[in-house]
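Remarks on the overall topology
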Amino acid sequence: MLSVEQARARVLESVSPLSIAAVPVADALGLVLARTCIAPHSLPRFDNSAMDGYAVREEDVESARTESPVRLDVVGEVRAGEPGALEVRRGTAARIMTGAPLPNGADAIVPVEETEEEGGVVAIKAAAPSGRHVRPAGDDVAEGDELVRAGTELGPGELALLASMGFSPIDVRKGPRVAVVVTGDELVPPEAVPGPGQIRDSNSVALGALVRAAGGEAVPCAPVTDDLSATVEAFARAADLCDLVISSGGVSVGRYDFVKMAIEELGRIDMWRVAMQPGKPVVLGTIGDTPFLGLPGNPVSIHIGFEQFVRPAIRKMRGCSTLLRPTLVATLEEAVHKSPGRLHFVRVRLKWSGGKWRATPTGSQGSHIQSSLVDCDGVARFGADASVLNEGDEVMIEVWKLPAQ
Ligand code: AMP
Ligand code: MG
């Protein structure tokens, strides 16, 4: 049986980054930058005022104090957006607004609070060394600087800088279209009242949400009954529509588990079963040219299998430079037991206290215990060879989210 790392490597080999699209910078939140952006010019582009006040020359105002102000002739005004063609000669000043270009001759700004203007003359009550309250050209970015690297998921900060530098449209990769096919005769929609033996289909909801949270576009498909020809038909249709097909259920050794058979009929199986708990019976394959990942049906198994295999695959297709979750070391607050042999993923809640992260298991760890995924911050890796983790042990956590403190 493959280890999680070996299996993930196979999954990642089977997918490639999608093609590049140009989108307006304002529409690129959460998309992944496809080419590194280099500054075509400096930022700011021109020396400008950081304050509303007066543009002056250092040597004119050296002796200015509240009790002995220096008086300067006001030669005009520069507002933000104006070219700032004024000239500030010796003995003069220009009224200036925040963001307006520094007029020729001036080298400092005196804030309006330290001045008093009357009849075209301004009394300056404080000295201003050269450069005071001036934002020089290139203060932020120099021409040729690397702005944002290819593979970055674009957030508001990156988008704003790229917009300032004129990068619109920008080259990005969008998320893959991911078909979510759930299998099972027992399923009814969440809105329905289940009959005897039936259950509500929560995996469609979970997988759709997981796909979107990973940056993919979830394409819902009608649930499939446990029937070979229905499964073949559903997978063929899904592969036609999408960049990746994922499924839940029907991958085990039950009499009515048809997923593997359907994939063999439509393409090929590259791997089956991974040494992990929960979620062992994972299928990797292809339907024609479309990659396929089949997860077992248990609600916790799909979550763990998605995290270990599907999310990294979606991120690779998006062109992300990092594929895996961040990790941290936490102190376990409660002992956990298991049988040796397979890597276990223990769902935990995290808490920062006493100068370290502390992890508490989210209750029963059975693969059908959906309540263990509520307010879950991530998983602790519980190594294949170990059988007990003691209270106080340091464990590696794959972080899904961090709690507010
Ligand atoms: P399977 O992998 O098909 O044997 O399913 C394993 C378990 O997961 C069974 O108890 C199923 O009833 C349950 N299950 C399968 N599909 C879903 C689904 N879409 N939503 C919720 N539970 C499911
Ligand atoms: Mg089933």
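Here the structure is a predicted model, which means the values were calculated and not measured.

1. Points about the overall build of the protein
Tallying secondary structure elements over the protein gives 7 helices and 29 strands in all. What you see for the protein is a C-alpha radius of gyration of 31 Å, clearly larger than the 22 Å of a compact globule of 405 residues, by over 25%. Based on the C-alpha atoms only, the size of the protein along its principal axes is roughly 95 × 50 × 40 Å. Counting across all 405 residues of the protein, residues that qualify as buried make up 46%. Counting every atom, the protein has about 19,100 Å² of accessible surface; 49% of that belongs to carbon and sulfur.

2. Examining the sheet that holds strand S19 (residues 267-272)
The mixed open sheet is built from 6 strands, whose spatial order is S17-S14-S18-S22-S21-S19. Pairing within the sheet leaves two strands with one partner each, and these edge strands are strand S17 (217-220) and S19. In this sheet, neighbouring strand axes are inclined to one another by 25° on average, regardless of whether the strands run parallel or antiparallel. Where strand S18 (residues 244-248) lies against strand S22 (residues 290-295), 4 bridges are found, and the strand directions are parallel. Its bridge partner being in S22, serine 248 is matched across the sheet by leucine 295. The strands touched by helix H5 (residues 228-241) are strand S14 (177-182), S18, strand S21 (283-287) and S22; relative to S14, the strand with the most contacts, the crossing angle is about 165°. With respect to the sheet, helix H6 (residues 259-266) is in contact with S18, S19, S21 and S22, its orientation differing from that of S19 by roughly 135°.

3. Remarks on the domain arrangement of the protein
Often, the extent of an interface is quoted as the loss of accessible area on bringing the components together. Here the protein is partitioned into domain 1 (4-16 + 175-318), domain 2 (29-40 + 141-173), domain 3 (48-135) and domain 4 (327-399). For domain 2 versus domain 4, the distance between C-alpha centres works out to 38 Å.

4. Section: H6
Within the sequence span of H6, burial applies to Val259, Ala262 and Ile263. Buried residues along H6 cover an arc of 100° about the axis, so they all sit on one side. Away from its buried face by more than 90 degrees, H6 exposes Glu264 and Glu265.

5. Observations concerning the site of ligand 1
Of all residues adjacent to ligand 1, which total 15 residues, the nearest are Glu186, Asp201, Ser202, Gly250 and Gly297. Between an oxygen atom of ligand 1 and a main-chain N or O atom of glycine 250, the distance comes to 2.9 Å. In the model, an oxygen atom of ligand 1 is placed 3.3 Å from a nitrogen or oxygen of the asparagine 298 main chain. For ligand 1, the protein covers 76% of the area, taking 480 Å² as the surface of the free molecule. Across the shell around ligand 1, the residue classes break down as 4 nonpolar, 8 polar and 3 charged.

6. Observations regarding the nonpolar core
In terms of nonpolar packing, the biggest core is built from 37 residues, with Ile246, Phe306 and Phe309 touching the most fellow members. Of all the secondary-structure elements, those providing two or more residues to this core are helix H1 (4-13), S14, helix H4 (203-213), S18, S22, helix H7 (299-318) and strand S25 (343-353). With 9 residues, the single largest contributor to this core is H7. If you count residues domain by domain, this core takes at least three from each of domain 1 (4-16 + 175-318) and domain 4 (327-399). Apart from residues no more than four positions distant in its own chain, isoleucine 246 is found in contact with Val178, Ala179, Val180, Val181, Leu207, Val211, Leu293, Phe306 and Val310. Phe235, Ile263, Ile287 and Phe292 belong to the second-largest nonpolar core, a separate cluster that totals 18 residues.

7. Digging into the packing of aromatic side chains
For the structure shown, the criterion picks out 2 aromatic pairs. For the ring pair phenylalanine 235 and phenylalanine 292, a centre distance of 5.0 Å and an interplane angle of 50° mean the geometry is tilted. Of this pair, phenylalanine 235 sits in helix H5 while phenylalanine 292 sits in strand S22, placing them 57 residues apart in sequence. The pair phenylalanine 235 / phenylalanine 292 is uniform in exposure class, with both members buried. Here tryptophan 352 and tryptophan 357 contribute two aromatic rings whose centre-to-centre distance is 5.3 Å and whose plane-to-plane angle is 65°, an arrangement assigned as edge-to-face. Over the face of the ring belonging to tryptophan 272 we find lysine 260, whose NZ or CZ atom lies 3.5 Å from the ring centre. Directly above the ring of phenylalanine 382 sits lysine 338, whose terminal nitrogen or CZ lies 4.9 Å from the centroid.

8. Thoughts on the sheet that holds strand S9 (residues 115-118)
Read from one edge of the open sheet, 6 strands run S8-S5-S7-S6-S10-S9, paired in mixed fashion. One side of each edge strand has no neighbouring strand; the edge strands of this open sheet are strand S8 (108-111) and S9. The average undirected angle you get between the axes of adjacent strands in this sheet is 40°. Looking at chain direction, strand S5 (residues 53-56) and S8 are connected through 4 bridges and run antiparallel. Bridging across to S8, valine 56 finds its partner in alanine 108.

9. Side note on the environment of proline 111
As for its position among the elements, proline 111 is in strand S8. Assessed through its relative accessible area of 6%, proline 111 is described here as buried. Taking the C-alpha atoms as reference, proline 111 lies 66 Å from glycine 366; in sequence the two are 255 residues apart.

About the thresholds
Residues numbered from 1 in each chain as written. Chains lettered and ligands numbered in written order. Predicted model: local features only at pLDDT ≥ 70, side-chain atom pairs only at ≥ 80, totals over all residues. Heavy atoms only, no water. Helix = DSSP H or I, 4+ residues; strand = E, 2+ residues; numbered from the N terminus. Rg over C-alpha atoms; globule rule 2.2 N^0.38 Å. Buried < 20%, exposed > 50% of the residue type's maximum accessible area, 1.4 Å probe, protein only. Areas by Shrake-Rupley, 256 points an atom, 1.4 Å probe, with all protein chains shown as cover. Pairing = 2+ DSSP bridges. Axes fitted to C-alpha atoms, helices over the stretch in contact; angles between N-to-C directions. Contact = heavy atoms within 4.5 Å. Domains from an automatic or database assignment. Arc of directions from axis to C-beta. Near = heavy atom within 4 Å. Polar contact = N/O pair within 3.5 Å; in protein donor to acceptor, adjacent residues only side chain to side chain. Nonpolar A, V, L, I, M, F, W, Y, C, P; charged D, E, K, R; others polar. Core = buried A, V, L, I, M, F, W, Y, C linked by side-chain atoms within 4.5 Å. Phe/Tyr/Trp six-rings, centres within 6.5 Å; stacked < 30°, edge-to-face > 60°. Lys NZ or Arg CZ within 6 Å of the ring centre and 35° of its normal.

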